[in-house]
Amino acid sequence: MRVRVLIIGVIALGTGAVALAAAPAGATAGRYDLAQCIRAALSNSPDLSAVAADLALARARLSGAHAGRYGQSEFNQILGFVNEARGTVLRSPDNKNDVFNGLGPFTRLDLAINIPLWTFGKLDKALEAAQAGVESEHAHGEVRRAEVILSTKQLYYGLLLSRQLSLVLHDMLDTMDKALKTTQKRLDAGSSAVTEIDL
């Protein structure tokens, strides 16, 4: 048990020393409390940005379902140039390879209007599904937000624990150094109460 605590303490101390060595010389470490860490995690989490995009998509689908009641219209116009065509389909005096001879304008207009008169409940169900999609994405966003907060709390309290263990380890090492120095002094003085095994 003591060996495990000592190993964990050495690891915590080592990671703290590495973090201090990696910090720039002029940089001062800012102090963050739990609320500040949570706010920073919520504002910088890429998961929450993705959830916000999914929620915007669900709202757009809801708007599309609302607009489905008004129908759809479509207009297509094709413009171009075409060769002069004389004769019949079987016989023509024109040469098929003469592309630029007798060019004239060509246009085609298409207008389609679709108005839903009776959809047998399809529009109502599409609207309900879109509304349920918005609610689902909103709930998913709240779950992701709660997960970010939970992981931030776990990391925050894990850091506090590692700092406390580091302090305990420093105290233990100081105590062990004092005990070793005291034992060495007694050995040097020739005391019979201690032996080399005590070191």
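This structure is a prediction, so every number in the text was calculated from the model and none was measured.

Trainee: Sorry if this is basic, but what is going on with the confidence of the model for the protein here?
Mentor: Low pLDDT means the predicted coordinates in that region are not meant to be read closely. Looking at the protein as a whole, its pLDDT mean stands at 82, while 83% of the residues score no less than 70. Throughout residues 1-10 the model reports pLDDT below 50, and contacts reaching past four residues in sequence, or to other chains, amount to four contacts.

Trainee: I'm lost on the packing of aromatic side chains in this one. Help?
Mentor: Remark: the centre distance and the inter-plane angle together describe each pair of aromatic rings, the angle taken between the planes. Applying the stated criterion across every chain yields a total of two aromatic pairs. Taking the centre distance of 6.1 Å and the plane angle of 90° together, the rings of W118 and F120 count as edge-to-face. Side by side, W118 and F120 carry an identical accessibility label, which is exposed. Pairing Y156 with Y157 gives two aromatic rings, centres 5.5 Å apart and planes at 80°, and the pair type is edge-to-face. Classification of Y156 as buried rests on a relative accessible area of 17%. Of the residues examined, Y157 reaches a relative accessible area of 48% and is grouped as partly exposed.

Trainee: Any chance you could explain the side chain of S45 here in plain terms?
Mentor: For S45, the position within the fold is in the loop between α2 (34-44) and α3 (46-67). S45 gets classed as buried once you look at its relative accessible area, which sits at 9%. Here D47 takes part through its backbone nitrogen, which lies 3.3 Å from a polar atom of the side chain of S45.

Analysis parameters
- Residues numbered from 1 in each chain as written.
- Predicted model: local features only at pLDDT ≥ 70, side-chain atom pairs only at ≥ 80, totals over all residues.
- Heavy atoms only, no water.
- pLDDT = per-residue confidence, 0-100.
- Contact = heavy atoms within 4.5 Å.
- Phe/Tyr/Trp six-rings, centres within 6.5 Å; stacked < 30°, edge-to-face > 60°.
- Buried < 20%, exposed > 50% of the residue type's maximum accessible area, 1.4 Å probe, protein only.
- Helix = DSSP H or I, 4+ residues; strand = E, 2+ residues; numbered from the N terminus.
- Polar contact = N/O pair within 3.5 Å; in protein donor to acceptor, adjacent residues only side chain to side chain.

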